[in-house]
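Topology and contacts: notes
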Amino acid sequence: MATRLTDNERAAALAELTGWSLVEGREAITRRFVFADFTAAFGFMTHVALMAEKMDHHPEWTNVYRTVDITLATHDAGGLTGLDVKLARKIDRAATAAGAD
Ligand SMILES: C[C@H](O)[C@H](O)[C@H]1CNC2=NC(N)=NC(=O)C2=N1
């Protein structure tokens, strides 16, 4: 099972992941993505869903029209692990490819 990042590792990950921030009151990271329209947002979500399934690591997310809010945490570990950092990087690349604002 993935192990939780140390305080130093968590700080380094946050410094590197632009746009992601810590959720208040819980060990998780979050980022908002805004797309041109619903089709672009849902296409992005489809891409992320397939990546997440392949990784067996899944986001918490909501979608309202062209906005997608994503929170990442490793539930099995009760906090942030390298899997969250890895998925966040992949999500950022998918968002760029889908033309996020
Ligand atoms: C059994 C299965 O591997 C686990 O439940 C996986 C599935 N996806 C997961 N996703 C996330 N974000 N955290 C987990 O701990 C997790 N665990």
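Structural data are supplied above this passage.
Residues numbered from 1 in each chain as written. Predicted model: local features only at pLDDT ≥ 70, side-chain atom pairs only at ≥ 80, totals over all residues. Heavy atoms only, no water.

Considerations on the nonpolar core
Within the largest apolar cluster, 24 residues are counted, with the highest numbers of intra-cluster contacts made by W20, F33, F35, F44, I70, L72 and I91. Looking at this core, the elements with two or more residues in it are strand 2 (29-34), helix 2 (38-55), strand 4 (67-72) and helix 3 (82-97). Here the element with the most residues in this core is helix 2; it accounts for seven residues. Excluding its chain neighbours within four sequence positions, the residues that come into contact with I70 are W20, I29, T30, R31, F33, F44, P59, E60, W61 and I91. (Core = buried A, V, L, I, M, F, W, Y, C linked by side-chain atoms within 4.5 Å. Buried < 20%, exposed > 50% of the residue type's maximum accessible area, 1.4 Å probe, protein only. Helix = DSSP H or I, 4+ residues; strand = E, 2+ residues; numbered from the N terminus. Contact = heavy atoms within 4.5 Å.)

Observations concerning the site of the ligand
Lining the immediate surroundings of the ligand are D56, H57, H58, A73, T74, H75 and D76. At 2.4 Å, a side-chain N or O of D56 approaches an oxygen atom of the ligand. Within the backbone of H58, a nitrogen or oxygen atom sits 2.8 Å from a nitrogen atom of the ligand. Starting from 390 Å² of accessible surface for the ligand in isolation, the protein chains cover 65%. Put simply, the ligand lies in the largest pocket. Considering only residue class, the shell around the ligand consists of one nonpolar, four polar and two charged. (Near = heavy atom within 4 Å. Polar contact = N/O pair within 3.5 Å; in protein donor to acceptor, adjacent residues only side chain to side chain. Areas by Shrake-Rupley, 256 points an atom, 1.4 Å probe, with all protein chains shown as cover. 1 Å grid on protein atoms, 1.4 Å probe; cavity = no way out; pocket = protein on both sides within 12 Å on 5 of 7 lines; lining within 4 Å. Sits in = over half its atoms within 2 Å of the grid points. Nonpolar A, V, L, I, M, F, W, Y, C, P; charged D, E, K, R; others polar.)

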